[in-house]
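Residue-level structural notes
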Amino acid sequence: MNDTALPVEIESAIRTIQTDLPVNATFHVWLKAKKAEEPGSVSFSNHNGKFGEVSSTNVDEYNFRICQVFGGGRVELSYDTVTTAVSVIYWFTASDVLETGITVVHTKPDNAAPDLPDSYHFRPPFGWMNDPNGFGRFEGRPHLFYQHYSHGLRWNTMHWGHAVSSDYLRWRHLPIFLFPSEDLTTRPDKRGGAYSGSTIPLVEGTGIRVFFTEQVQDRVPEQQIQLTATSSDLIMAGQADVILGHRPDGQGLTPDFRDPYVVRGPDGLWKMLLGSQSDGGGVILLYETQDPTAASGWTYVGKLWVETRYKTTAIECPCLLPLDGPANSRSTRWVLTYGLMHSEDAATGRKNLTMADVGWFDGKTFVKEFGQELDFGTDNYAFQAFLDGDTIVGIGWLANWADATPEIDFPTAMTLPRRIHFSNGALLTPPIGAAESLRHRILDRTRLAAGEKVEFPTGAVELLFELTKPGLPFELELDHPDVRLGVVCDETGLWIRHEDGSSDAASPRYISQGARPFRLRIFIDYGSIEVFADHGRYVGTKRIASFEPVRSATLKTTEGAVAHATIWSLKQ
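In short, a report on the structure.

How each quantity is defined
- Residues numbered from 1 in each chain as written.
- Predicted model: local features only at pLDDT ≥ 70, side-chain atom pairs only at ≥ 80, totals over all residues.
- Heavy atoms only, no water.
- Helix = DSSP H or I, 4+ residues; strand = E, 2+ residues; numbered from the N terminus.
- Rg over C-alpha atoms; globule rule 2.2 N^0.38 Å.
- Buried < 20%, exposed > 50% of the residue type's maximum accessible area, 1.4 Å probe, protein only.
- Contact = heavy atoms within 4.5 Å.
- Areas by Shrake-Rupley, 256 points an atom, 1.4 Å probe, with all protein chains shown as cover.
- Lys, Arg positive; Asp, Glu negative; His and termini not counted.
- Charge placed at Lys NZ, Arg CZ, Asp CG, Glu CD.
- Pairing = 2+ DSSP bridges.
- Axes fitted to C-alpha atoms, helices over the stretch in contact; angles between N-to-C directions.
- Polar contact = N/O pair within 3.5 Å; in protein donor to acceptor, adjacent residues only side chain to side chain.
- Salt bridge = Lys/Arg side-chain N within 4 Å of Asp/Glu carboxyl O.
- Core = buried A, V, L, I, M, F, W, Y, C linked by side-chain atoms within 4.5 Å.
- Phe/Tyr/Trp six-rings, centres within 6.5 Å; stacked < 30°, edge-to-face > 60°.

**Considerations on the overall build of the protein**
- Assigned secondary structure in the protein consists of two helices and 43 strands.
- On C-alpha atoms alone, the protein measures out to a radius of gyration of 24 Å, which is about the 25 Å that the 2.2 N^0.38 rule sets for 572 residues.
- In terms of overall dimensions, the protein has C-alpha extents of about 75 × 60 × 45 Å along its principal axes.
- Sorting the 572 residues of the protein into buried and exposed places 60% on the buried side.
- Sequence-distant contacts, at least 24 apart, represent 60% of the contacts inside the protein between residues at least 6 apart.
- Surface exposure of the protein reaches about 22100 Å², of which carbon and sulfur atoms provide 48%.
- Across the protein, the 52 positively charged side chains and the 71 negatively charged ones have centroids separated by 3 Å.

See below:
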């Protein structure tokens, strides 16, 4: 419940919520009927009496309704809990919502966000979240869209949630941006919705153009098609139009055909990458258009990439960006990132890997120079990046489908935003520089280096230590009540110890084989650990199922191995 809301429970079946509003506020309400023979409704009143009502006769799915309040002041919302179920209510003022965000006045207990003091990772204000979408800077601000279902902590019919920031770390939640088709909201048995995609600035005016996959289960002949929509106010998307209604013919593709990523190519044309699968393995499809607005005229160019490793099925969330120079220069390297759905590394037991390949892109073909895993912890999935000036900034879903299923509650977060850059022949993905602004106070500068236990006052901390020589062995033990957790460097490489005892099978080995790091920067939060070694040369992200905090750290290594070590408590 938001601090500005003043809920009042009445002894009867009527639930009442009171909140103070500015002039010209807009309410978004999701409700459904509990009884087929009687509609559900929410009424709005002030000191002058009842002035509005929204209703729904649907008993299968929550319906979205809008109520405008022109006068402001104290407003009371009420509904009968016998006849009406209400999932989410929030309000905002359209004139300044990008600066102030939404105010949430009601969520159900089973779709409420976790209460995690000092947590610094992005989480939605309610409901389920997975892939980041449309990540970019528009009208001067970073915007994050994401796969979202408002009414529970389980995957369901997809919408796009939305937030805005000034530094990629402190976010204001905005109204739901993109909705599934009306057919899906009235027929939840079909499953699907507005799946992942990307966003570009409008070429022909102020605003943005979004590209996304529409999924409708069992639709014939195509379950997945590509749509585009625009938004001039950056608050809600307008009517969507189909731009690719079918897969390319003769390519031997499965029905997988999704996650459009649109970027300007070296030839000045808009390019679109899509993930799919064929008999030869996972594939990335390349399209282009001569239309300078990218609104139409998309034609198939060919298969940009085919992936045969790790028993991959479909490739998901492909992303392609110029890495070390301007897009139109022949000498510029490009970085191609993509998720390997259902992949498994037999040697380590890790699943759903994400790859990053560096090479050259001429607008038609991609020639790989070298590749590496984007994240050896595997919980930086569906990674999406964009070019912010001359810096690539990206973010990922802090989870992957090895753990998440539609049958379990699965509250998750986004990773810390990262930069991507090329240095001395390697791809580096360190956290953005603004991450240092999270440092609240120093907890330790001597005890960790001396091998002593350092206790944490909260579950949000950063550890930084350097070794006197690269590759010296160490074990950082992290005291967690539910998981055996730590970071280890030994003769095999750098790895995250994560053993939760949830099954009889051995835990996957979250390892960067052969890594010999000298500088470790480790971010711990409620439900996650992120390891950045050697300025982002080796990066490992691991979700922790429990929100119980890590309580302390002890660093075990040989005498004289640690040059220095510092621990900070973190806070937004």
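**Quick notes on the sheet that holds strand S14 (residues 192-201)**
- Across the sheet, four strands lie side by side as S14-S15-S16-S17; this open sheet has antiparallel pairing. Whereas interior strands pair on both sides, the edge strands pair on one side only; in this sheet they are S14 and strand S17 (241-244). Each strand axis lies, on average, 35° off the axis of its neighbour in the sheet, ignoring direction.

**A look at the environment of Glu 214**
- With respect to the secondary-structure elements, Glu 214 resides in strand S15 (residues 208-216).
- Distance from Glu 214 to Gly 73, taken between C-alpha atoms, is 40 Å for residues 141 residues apart in sequence.
- Excluding residues within four positions of it along the chain, Glu 214 makes contact with Ser 181, Gly 193, Arg 219, Gln 223, Gln 224, Ile 225 and Leu 227.
- Within the structure, the side chain of Glu 214 is placed 2.6 Å from the side chain of Arg 219, a separation counted as a polar contact.

**A short note on the environment of Asp 482**
- By secondary structure assignment, the location of Asp 482 is in the loop between strand S35 (474-479) and strand S36 (484-490).
- Residue classification places Asp 482 among the partly exposed residues on the basis of a relative accessible area of 42%.
- Distance from Asp 482 to Phe 547, taken between C-alpha atoms, is 9.5 Å for residues 65 residues apart in sequence.
- Non-local contacts of Asp 482, meaning those with residues more than four positions away in its chain, are made with Asp 500, Ser 546 and Glu 548.
- Side-chain polar atoms of Asp 482 contact the side chain of Ser 546, separated by 2.7 Å.

**Notes on the pattern of salt bridges**
- Enumeration over the complete set of coordinates arrives at 34 salt bridges.
- The residue Arg 333 makes a salt bridge to Asp 324 at a minimum N-O spacing of 3.1 Å.
- Accessibility expressed as a relative area gives 18% for Arg 333, which makes it buried.
- In this structure Asp 324 comes out as partly exposed when scored by relative accessible area, which is 33%.
- In this structure, the salt-bridge partner of Arg 497 is Glu 475, at a minimum N-O distance of 3.0 Å. One end of the pair, Arg 497, is in strand S37 (residues 493-499); the other, Glu 475, is in strand S35, with 22 residues separating them in the sequence. In this pair, the class of Arg 497 matches that of Glu 475, namely buried.
- Residues joined by salt bridges that share partners form a network here, namely Asp 267, Lys 271, Glu 288 and Lys 364.

**Concerning the nonpolar core**
- Residues Leu 494 and Ile 522 are the most contacted members of the largest nonpolar core, which totals 36 residues.
- The set of elements that each furnish at least two residues to this core consists of strand S34 (461-467), S35, S36, S37, strand S39 (519-525), strand S40 (528-533), strand S42 (552-557) and strand S43 (562-570).
- The dominant element in this core, judged by the number of residues it contributes, is S34, at four residues.
- Core analysis: the second largest hydrophobic core is formed by 30 residues, Ile 284, Leu 320, Trp 334 and Leu 340 among them.

**Here's the deal with the packing of aromatic side chains**
- Going through the model one piece at a time under the given rule, you end up with 29 aromatic pairs.
- Geometrically, the ring pair formed by Trp 30 and Phe 64 is tilted, given 4.9 Å between the ring centres and 40° between the ring planes. Taken together, the residues Trp 30 in strand S3 (residues 25-33) and Phe 64 in strand S6 (residues 63-69) connect sequence positions 34 residues apart.
- Trp 30 gets classed as buried once you look at its relative accessible area, which sits at 1%.

**Observations regarding the pairing of strand S20 (residues 281-289)**
- Taking burial as the measure, the nine residues of S20 include nine buried ones, the bulk of the element.
- Here strand S19 (residues 270-278) folds back onto S20 in antiparallel fashion, the turn holding two residues.
- The pairing of S20 with strand S21 (residues 299-307) spans seven bridges and is antiparallel. When the sheet's bridge partners are listed, Ile 284 is paired in S21 with Trp 305.

**Things to note about the side chain of Lys 108**
- Structurally, the position occupied by Lys 108 is in the loop between strand S9 (103-107) and strand S10 (128-138).
- Taking the relative accessible area as the measure of exposure, Lys 108 reaches 14% and is therefore buried.
- A distance of 2.8 Å separates a polar side-chain atom of Lys 108 from the backbone oxygen of His 151.
- Residues in contact with Lys 108, not counting those within four places in the same chain, are Tyr 62, Val 86, Ser 87 and His 151.

**Comments concerning the side chain of Asn 111**
- By the secondary structure assignment, Asn 111 is in the loop between S9 and S10.
- Residue class for Asn 111 comes out buried when judged on its relative accessible area of 0%.
- The residues contacting Asn 111, other than those within four sequence positions of it, are Ser 87, Val 88, Phe 126, Gly 127, Ser 150, His 151, Gly 152 and Leu 153.

**Considering the environment of Glu 548**
- If you trace the backbone, Glu 548 turns up in the loop between strand S41 (538-543) and S42.
- In the structure, Glu 548 is positioned 23 residues away from Asp 525 in sequence and 9.6 Å away in space, judged by C-alpha atoms.
- Ignoring any residue separated from it by four or fewer positions in sequence, one finds Glu 548 in contact with His 480, Pro 481 and Asp 482.

**As for the sheet that holds strand S31 (residues 426-428)**
- The four strands lie next to each other as S28-S29-S30-S31, forming an open sheet whose pairing is antiparallel. Two strands in the sheet have a free side with no partner beyond their single neighbour: strand S28 (381-388) and S31. Averaged over neighbouring strand pairs, the angle between their axes works out to 30° when direction is ignored.
- Of the pairings in the sheet, the one linking S28 to strand S29 (residues 391-397) comprises six bridges and is antiparallel in character.

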